[in-house]
Amino acid sequence: MSDLVAHITDADFPQAVAQGVTLVDFWAPWCGPCKMIAPVLDELAAEMKGQAKFVKMNVDENPQVAGQFGIMSIPTLIVFKDGKPVNKLIGGQPKPQLKAFVESAF
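Residues numbered from 1 in each chain as written. Predicted model: local features only at pLDDT ≥ 70, side-chain atom pairs only at ≥ 80, totals over all residues. Heavy atoms only, no water.

**Quick look at the overall build of the protein**
Cut-off, in case you're wondering: Only DSSP runs of H or I with at least four residues qualify as helices, and only runs of E with at least two residues qualify as strands; both kinds are numbered from the N terminus onward. The globule rule is 2.2 Å times the number of residues to the power 0.38, and the radius of gyration it is compared with is taken over C-alpha atoms.
Helix and strand content of the protein: 4 helices and 5 strands. Put simply, the protein runs from its N terminus to its C terminus through helices and strands in the order β-α-β-α-β-α-β-β-α. Since a compact globule built from 106 residues should have a radius of gyration of about 13 Å, the 12 Å found for the protein is in line with a globular shape. In terms of its C-alpha atoms, the protein occupies a principal-axis envelope of roughly 30 × 30 × 25 Å.

**Quick look at the environment of Lys-95**
Along the polypeptide, Lys-95 turns up in helix 4 (residues 95–103). Considered as a pair, Lys-95 and Val-55 are 40 residues apart in the sequence and their alpha carbons are 16 Å apart.

**Looking at the pairing of strand 5 (residues 84–90)**
Definition in use: One bridge is not enough; two strands pair if DSSP finds at least two bridges between them.
The pairing of strand 4 (residues 76–81) with strand 5 spans 6 bridges and is antiparallel. Counted as the bridge partner of Leu-77 is Leu-89 from strand 5. Counting the residues in the hairpin turn of strand 4 and strand 5 gives 2 residues, including Asp-82, whose phi is positive at 50 degrees.

Written out as structure tokens, the structure reads:
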């Protein structure tokens, strides 16, 4: 687990996405595909430091925000710019697609 990818809660969420570009990974510990993309997100967080923030939200522990954004499948990735959702991706993707997905909010 990278220290570049912070874990956030329902309470932290508004502040976490308020400024700049933030990728939120909606995940759960029992989700296989979530575990598969975690190292890729860690790599992207390191590569894109200063350009975008990467955070994870456990949907089992934080149902409020997950419900607010209609999260039905995980992993679901939503990229926010200045607090507003810009793009949404469901399921694991290769690193180049994930990077392009985050860059779509620039």
